[in-house]
Amino acid sequence: MPTLPKSLFWSRTDTAGSEHAIVDDRESVVAWGVLLAADPVPYTCRYQLTAGADWSATSLEADVEGADWARSVRLEKAEDGWRVRTGEAGDLDAALRAAGHPPAGLPGIEEPDRLADALDLDLTGSPLFNTLPIRRIGLGRLPVEHARRVTVAWVLLPGLVVLPADQVYTSLGPGRVRFASDTFTADLDVDPDGYVVRYPGLAERIAPR
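Just so you know, the residues in each chain are numbered from 1, in the order the chain's sequence is written. For this predicted model, a pLDDT threshold of at least 70 governs which residues receive local features, and a threshold of 80 or more governs which side-chain atom pairs are given and counted, while totals over whole chains, interfaces and linings are taken from all residues. Note that water and hydrogens are dropped before the side-chain values are worked out from all heavy atoms of the structure.

Engineer: What should I look at first to understand the overall build of the chain in this one?
Structural biologist: From N to C terminus, the chain includes two helices and 14 strands. Based on the C-alpha atoms only, the size of the chain along its principal axes is roughly 50 × 45 × 40 Å. Once local pairs closer than 6 in sequence are excluded, the contacts in the chain between residues at least 24 apart make up 44%. Residue exposure ignores everything except the shown protein chains as possible cover, and the areas themselves are Shrake-Rupley values with a 1.4 Å probe. When the accessible surface of the chain is totalled, it reaches about 10,600 Å², and 51% of it is carbon and sulfur. All tallies of charge rest on Lys and Arg as positive and Asp and Glu as negative; His and the ends of each chain are not included. Think of each charge as sitting on NZ of Lys, CZ of Arg, CG of Asp or CD of Glu. Separation between the mean location of the 21 positive side-chain charges and that of the 31 negative ones in the chain comes to 5 Å. The way it works is that DSSP assigns letters per residue, a run of H or I at least four long becomes a helix, a run of E at least two long becomes a strand, and they are numbered from the N terminus. When checking whether two residues touch, look at their non-hydrogen atoms; a contact exists if any pair is within 4.5 Å.

Set out below in structure tokens:
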């Protein structure tokens, strides 16, 4: 019997928020998701992610909206690198300043060539995006304590600024993965398909009752 797309729901543990993603990984990968968070200002992010059968990311469309502002970003992998398009309405930076936070800056990235080495995508606050490198490098089949460095195109929320970032994934045995980026480290619990079950300090997956 053919498998159905996965419906995955996470509750944020670092702030009031959640993520719901519908993922079809039966051939190539297509995911549709909604992220909600209260900080640094309340926002809703809707996204569509695609990746090849090898789990290398191929595109991301993300739309974020809050009170009297909205932003969008489109990333598409082409033969000559990542193409990035953005849109903006209202004034997110004014909303951030009013809430006592620094401005986000312009969405996107001025020099897309800086993303040339990125095979994966990351979206702030989303446990789903950790699955891309976990599956692409076959981390579940690697020996314990085997580490792999990856370069991602990191999309920051809520501003949709895009940055290149280096991350390290380390196998800790069945169902356990260590994630590290700069000085941050977290030991993730993942299911047999590489989807995050528990991300300490960020989110926990909620099973249907």
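The rest of the description comes next.
Engineer: How should unusual backbone geometry be read in this particular structure?
Structural biologist: For residues that are not glycine, phi is negative in most cases, and the peptide bond is trans in most cases. In this chain, D39 is followed by P40 through a cis amide linkage whose omega measures 0°. Inspection of the secondary structure puts P40 in the loop between β3 (29–37) and β4 (43–51). One non-glycine residue, D68, lies in positive phi territory at about 70°. By the element assignment, D68 lies in the loop between β5 (57–66) and β6 (69–78).

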